Amino acid sequence: MSTPRSTAPRGSAAPVLRDALIVASGGTLGTLARYAIDALLGSPAGFPVATLAVNLTGAFLLGVLVQRLAMSSHLGRTRRRLHLLLGAGLLGGYTTYSLLATDIAQFLVAQRYAEAIGYGGATLLLGLGASWAGLRVADPRAGRR
């Protein structure tokens, strides 16, 4: 997810530091949530169930967040800060592309090619579906179309 650029004048470190702290606060909570889910679900039979669950729920929640923020232009600065806190921070810390890539690489090293392709493909396709569902769920106009 791209992070909105600061509109602060050049040379002003305070807004950049504030934004970094907002992202870090959300990221800390997201990382803790991911850790808790990994501790609960783990990787039964060597399959990264927790990573798949985190990435799919994160894709759904990001879809919801993006749609809600797009529909709430009246929030101004609060909208941008919510994007930083919840999008870049919380969901950025919660989801994990690097672990997905590492899990796929481990399947390949272990010559578990079908699982590598299935896991990678399922994450991509189901993640796309989860994001789309999140956008639709958060759009009050979606039911009227």
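Please read all numbers here as calculations on a predicted model, not as lab measurements.

Trainee: Would you take a moment to explain the confidence of the model for the protein chain for this structure?
Mentor: Parts of the model with low pLDDT should not have their predicted coordinates read in detail. For the protein chain, mean pLDDT is 90; residues scoring 70 or higher make up 90% of the total. Highest mean pLDDT in the protein chain belongs to helix α5 (residues 113-138) (96); lowest belongs to helix α3 (residues 77-94) (94).

Trainee: I would appreciate a short explanation of the layout of surface pockets in the present structure.
Mentor: A water-sized probe rolled over the atoms picks out the places where empty space is left. Volume-wise, the largest pocket comes out at about 400 Å³. Asn55, Gly58, Ala59, Leu62 and Thr95 are the residues nearest the centre of the largest pocket, which is lined by 21 residues in total. For the lining of the largest pocket, the secondary-structure elements that each account for two or more residues are α2 (49-70), α3, α4 (97-109) and α5.

Trainee: Even after reading the chapter, I still don't get the packing of aromatic side chains, so can you show me in this structure?
Mentor: The final tally for this structure, using the stated rule, is three aromatic pairs. When the centroid spacing of 5.4 Å and the interplanar angle of 75 degrees are considered together, the rings of Phe47 and Tyr119 count as edge-to-face. Of this pair, Phe47 sits in the loop between α1 (13-41) and α2 while Tyr119 sits in helix α5; the two residues are 72 residues apart in sequence, bridging distant segments of the chain.

Trainee: I would appreciate a short explanation of the nonpolar core in the present structure.
Mentor: Note on soluble globular proteins: their nonpolar side chains tend to be buried together. Listed in full, the six residues of the largest apolar core are Leu52, Leu56, Leu100, Phe107, Ala116 and Tyr119. Of all the secondary structure elements, the ones that give two or more residues to this core are α2, α4 and α5. The contact partners of Leu56, leaving out residues within four places of it in the chain, are Thr123, Leu126, Gly127 and Ala130. Val54, Leu65, Leu69 and Tyr94 belong to the second largest nonpolar core, which has five residues in total.

Trainee: Teacher, can you tell me more about the pattern of salt bridges here?
Mentor: It is possible for side chains bearing opposite charge to pair when their charged atoms get close. Summed over all chains, the structure comprises four salt bridges. For Glu115, the salt bridge is made with Arg112, and the minimal N-O distance between the two is 2.5 Å. Among the residues examined, Glu115 registers a relative accessible area of 30% and is labelled partly exposed. What you see here is one network of salt bridges that share partners, running through Arg18, Asp19 and Arg80.

About the cut-offs
Residues numbered from 1 in each chain as written. Predicted model: local features only at pLDDT ≥ 70, side-chain atom pairs only at ≥ 80, totals over all residues. Heavy atoms only, no water. pLDDT = per-residue confidence, 0-100. Helix = DSSP H or I, 4+ residues; strand = E, 2+ residues; numbered from the N terminus. 1 Å grid on protein atoms, 1.4 Å probe; cavity = no way out; pocket = protein on both sides within 12 Å on 5 of 7 lines; lining within 4 Å. Points joined across faces, edges and corners; volume = space filled by probe spheres on them. Phe/Tyr/Trp six-rings, centres within 6.5 Å; stacked < 30°, edge-to-face > 60°. Core = buried A, V, L, I, M, F, W, Y, C linked by side-chain atoms within 4.5 Å. Buried < 20%, exposed > 50% of the residue type's maximum accessible area, 1.4 Å probe, protein only. Contact = heavy atoms within 4.5 Å. Salt bridge = Lys/Arg side-chain N within 4 Å of Asp/Glu carboxyl O.

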